[in-house]
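Notes for the structure review
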Amino acid sequence: MPVRVAWGIQHPMSGHLTLYLDVDGDVVLNTEPDVGYTHRGLEKIAEYRTYLQYVPIIERACDFDSSNFALGYVRAVEALMGVEAPERAKYLRVIAAELSRIMSHLYAQALLSMTGGFETMTVWSANDRELILDLLEMLTGARVTHTYIVPGGVRWDLPKGFKERAFEVLNYLERRIWDYYKMLFQNRTFQDRTMGVGVLSKKEAVELGVTGPSLRASGVDFDVRRDDPYEAYDKLDFDVIVEKDGDSYTRALVRFYEIAQSIRIIKQALKDIPEGPIRVKVPPTLPKGEVYTRVETGRGELGIYLVGAGTNKPYRLKISAPSFRNLAGLVYLCRDVPMGDIPVIYYSFDILLLDVDR
């Protein structure tokens, strides 16, 4: 006889989420998510803040990848205004966005490692993430949320010594990630724990609207940075990582390889960054009209729908959040599986509940 149990919100691995599991013995027959524990009304708040005041607020939608969220919103503001950031600012935005992506992927790797009891790998990922936070603090003045990317460009230029320190950290991390590969991805226990667990086919991933590394792990070759390029991505060389197995191991592996690609992108941007201004003037008000823009965050495609009404505040803001979309994949896979696989499947999707609830 199936019994319904709550996995979360006090569960040590659930985060700010409850999954109601219908279980028969140790087998989960069906899963129903209960979200909203961290809902802050971020879309409604936009209507009461000027478009500039809202930049630090949108970053709170996903403070583990705040630069990419700020970039998504700022690009919508600029598109509505008909404003384009200077070339140098575009490169600086890419640098901030890719540092943010590395930070996000290292955090995801640490959490997934923790679900399997791989404490050494958890600590390695968390410690090396600190080096990226140091670079972001040096570049932006803050460690987690930055308000660095603003309408018209960025707040300030590269600080003295940043380029040298960035290459030092990136060169270290470029070598270091292969220690991760040996410690985690070649570990037989980790492979047994994740390979063949939570398999999402290419067809299922597309139909469910899954996005980002979780989509590419199921064999879908799509990345907004390449397929709908923005900022300086069309001038930089990088590979879109695609795997085909669609299981928990592969979702983690895609993020691992993407760290290497982000390092490659940042190094190119630092070498090729042009001289020139870092910001242009923007109008004091948002013109009447509506726009939709998208960027590729660490968790997938972020869509921003923005409506202006001729005032200095957005009339309407809608956030299409990647974690909310990936939640559909999680719920779909958490059926007819052992209860012990729930944390592994959950963290393989790298779902951030702040991003789900907004």
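Each remark here, short or long, concerns the structure printed above.
Residues numbered from 1 in each chain as written. Predicted model: local features only at pLDDT ≥ 70, side-chain atom pairs only at ≥ 80, totals over all residues. Heavy atoms only, no water.

Here the focus is the packing of helix α4 (residues 87-115) against helix α11 (residues 248-272). With their axes 9 Å apart at the nearest point, α4 and α11 run at an angle of 155° to one another. By the angle class used here, α4 and α11 are roughly antiparallel. The handedness of the crossing between α4 and α11 comes out as left-handed. Partitioned by chemical class, the residues of the contact of α4 with α11 number 16 nonpolar, 4 polar and 5 charged. (Axes fitted to C-alpha atoms, helices over the stretch in contact; angles between N-to-C directions. Helix = DSSP H or I, 4+ residues; strand = E, 2+ residues; numbered from the N terminus. Parallel < 35°, antiparallel > 145°, perpendicular 65-115°, else oblique. Left-handed = near helix turned anticlockwise from the far one by under 90°. Nonpolar A, V, L, I, M, F, W, Y, C, P; charged D, E, K, R; others polar.)

With that settled, the discussion passes to the pairing of strand β6 (residues 289-297). The side chains of a regular strand alternate between the sheet's two faces. The pairing of β6 with strand β7 (residues 300-308) spans 9 bridges and is classified as antiparallel. In the strand pairing of β7, T293 is matched with I304. In sequence, β6 turns back onto β7 through a hairpin of 2 residues. (Pairing = 2+ DSSP bridges.)

With that out of the way, let us pick up the side chain of S248. With respect to the helices and strands, S248 occurs in helix α11. Side-chain polar atoms of S248 contact the backbone oxygen of V197, separated by 2.8 Å. A polar atom in the side chain of S248 sits 3.5 Å from the side chain of S348. Those residues in contact with S248 that lie beyond four places of it in its chain are L112, T194, V197, G198, V344, I345 and S348. (Polar contact = N/O pair within 3.5 Å; in protein donor to acceptor, adjacent residues only side chain to side chain. Contact = heavy atoms within 4.5 Å.)

As a further point, take the pattern of salt bridges. For the structure shown, the criterion picks out 34 salt bridges. One salt bridge in this structure joins E84 and K90, with 2.3 Å as the shortest N-O distance. Residue D179 pairs with R176 through a salt bridge whose shortest N-O separation is 3.5 Å. Of this pair, D179 and R176 both sit in helix α6 (residues 162-185), 3 residues apart, roughly one helical turn. What makes D179 partly exposed here is its relative accessible area of 31%. By relative accessible area, R176 is classed as buried at 15%. Several salt bridges converge on common partners, so that one network encompasses E98, R101, R216, D223, R225, E258 and E296. (Salt bridge = Lys/Arg side-chain N within 4 Å of Asp/Glu carboxyl O. Buried < 20%, exposed > 50% of the residue type's maximum accessible area, 1.4 Å probe, protein only.)

Moving on, we come to the packing of aromatic side chains. With the rule as written, the count across this model stands at 17 aromatic pairs. Measuring from ring centre to ring centre gives 5.7 Å for W7 and Y346, while their planes differ by 80°; the resulting arrangement is edge-to-face. With W7 in strand β1 (residues 3-7) and Y346 in helix α13 (residues 342-348), the pair connects residues that are 339 residues apart, well separated along the chain. By the burial criterion, W7 is buried, and Y346 matches it. With centroids separated by 5.2 Å and ring planes inclined at 45°, the aromatic side chains of F185 and F256 adopt a geometry described as tilted. A residue pair is termed long-range when its members are at least 10 positions apart, and F185 in helix α6 and F256 in helix α11 qualify at 71 residues. Here the basic side chain of R176 rests over the ring of W124, its NZ or CZ set 4.2 Å away from the ring centre. Geometry around F349 places R251 over its ring, the cationic atom sitting 4.3 Å from the centre. (Phe/Tyr/Trp six-rings, centres within 6.5 Å; stacked < 30°, edge-to-face > 60°. Lys NZ or Arg CZ within 6 Å of the ring centre and 35° of its normal.)

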